Amino acid sequence: MYLLNPSLFIFIYVSVYHVNGLISPIPEAFQKSGHSNNWAVLVDTSRFWFNYRHVANVLSIYRSVKRLGIPDSQIILMIADDMACNPRNPRPATVFNNANQHINVYGDDVEVDYRGYEVTVENFVRLLTGRLPPDTPRSKQLLTDEGSNVLIYLTGHGGDGFLKFQDSEEVTSQELADALEQMWQKKRYHELFFMIDTCQAASMYEKFYSPNILAVASSLVGEDSLSHHVDPAIGVYIIDRYTYYALDFLEKVDMGSTRTMGEFLSVCPKRVCISTVGVRKDLFQRDPYKVPITDFFGSVRPVAITTSILDVTPFKTNNTTSVETNKVKYKYVLQMPDFNSFIKNKV
């Protein structure tokens, strides 16, 4: 048995970006976050075929955060309806966010954690606050801590102070604010970015009172959040305006990007969104223009650097024992035995 001597390893940690195998220092203009891991909670709350765009919305954001480094183990994906397998879908097992069908956002490796009737207000609030039954699978748990930067994205139908789930129940802005306060009290996040694409979306962050929350909404109170375009092949709107322009921005971002959250907050001006994008940053301690977008849409990748050459020469331990092997020889039994000779031997 060969072992490596652990005493030979000395690591020095520094603040760096790790991008495509290269290491580059964090720009001095950026304010350090202090977080140690990233999580994303992505929720589509709508059922029925005519809400196809809401599934495309959430899968588009899912694809972006996964591409930027957040692993599936740290993404909670909640989809209220399965558009990919809907009998009305002329292209089974696919969901597109553009009529030109450039990107199948459903892909081959989508991991949906809550689907169909599992997407409820109760499950959503329990997920955020950590109040889940003890036998809940790990994939259905938000295992964040005080070092976690959390992205929460919601899309569906809403109104002044509420968001509908499954067209049968609602979560109110006060309930959501209280859930986030529980997260803060239980040290379940370091910083939180709240993003919502729905009608009167800004009403959902008005009641927030917990620290370190940055929020953006696709529309102000009294405004509708509009769809972007129709796909004639399926006969329904395929993506919402705000998410479309947010995705267009994210597609130009990589893991080493110097783009900021401040730039992201202005991706959809009123001339293209038609609705007015709402932003709330009074609870957030950092300047959004000094926060890299990868602080929420990417993933922290710790890099260990040593200042000296490591001696990794293996050495042999003295407690090894040899095991005697069985010297009995085996042979294969015929797959089709000769039954005539078997009968003769018996007689």
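Coordinates for the structure precede this section.
Chains are numbered independently. Their residues run from 1 in the order of the written sequence. Whole-chain, interface and lining totals are the exception, using all residues; otherwise, since this is a predicted model, local features are given only for residues with pLDDT of at least 70 and side-chain atom pairs are given and counted only at 80 or more. The side-chain quantities take in all heavy atoms of the structure and omit both hydrogens and water.

## Looking at helix H3 (residues 173–185)
Point 1. Only runs of H or I of at least four residues qualify as helices and only runs of E of at least two qualify as strands under DSSP, and these elements are numbered from the N terminus. For a helix, the expected span equals 1.5 Å multiplied by the residue count minus one. Taking 1.5 Å as the rise per residue, H3 with 13 residues should run 18 Å; its terminal C-alpha atoms sit 18 Å apart, in good agreement.
Point 2. Remark: exposure states derive from per-residue accessible area (1.4 Å probe, protein chains only) relative to the maximum for the residue type, with buried under 20%, exposed over 50%, and partly exposed in between. Listed in full, the buried residues belonging to H3 are Ser173, Leu176, Ala177, Ala179, Leu180, Glu181 and Met183.
Point 3. Once H3 ends, the next one or two residues include Lys187, with phi positive near 55 degrees.

## Overview of the environment of Asn100
Point 1. Position of Asn100 among the secondary structure elements: in the loop between strand S6 (75–79) and strand S7 (114–115).
Point 2. Residue class for Asn100 comes out exposed when judged on its relative accessible area of 53%.
Point 3. Along the primary structure Asn100 and Asp231 are separated by 131 residues, whereas in three dimensions their C-alpha atoms are 8.2 Å apart.

## Things to note about the state of the cysteines
Point 1. Any two cysteine sulfur atoms within 2.5 Å of one another count as a disulfide. Under the counting rule described, the total for this entry stands at one disulfide.
Point 2. Linked covalently through their sulfurs, Cys268 and Cys273 form a disulfide whose S-S length is 1.8 Å. The S-S bond linking Cys268 to Cys273 shows a torsion near 110 degrees; that makes this disulfide right-handed. The burial state of Cys268 is the same as that of Cys273; both residues are buried.

## Remarks on the layout of surface pockets
Point 1. In this analysis a 1.4 Å probe is tested at points of a 1 Å grid over the protein atoms alone, and where it fits but cannot get out there is a cavity; an open set with protein on both sides within 12 Å along at least five of seven lines is a pocket; lining residues have an atom within 4 Å of a point. Grid points are joined across faces, edges and corners, and a volume is the space filled by probe spheres set on the points. What the second largest pocket holds in volume is close to 170 Å³.
Point 2. Together, Asn97, Asn98, His102, Ile103, Ile239, Tyr244, Leu247, Asp248 and Glu251 line the second largest pocket.
Point 3. The element best represented in the lining of the second largest pocket is helix H4 (residues 241–250), accounting for three residues.

## Considerations on the sheet that holds strand S11 (residues 169–172)
Point 1. In space, the three strands of this open sheet follow the order S9-S10-S11, with antiparallel pairing throughout. Lying at the two open borders of the sheet, with one neighbouring strand each, are strand S9 (158–159) and S11.
Point 2. Paired strands are those between which DSSP finds at least two bridges. As defined by bridge partners, S9 adjoins strand S10 (residues 162–165) across two bridges and the pair is classed as antiparallel. Looking at S10, one finds that Gly158 is bridged to Leu163.

Purely geometric numbers; function is a separate question.
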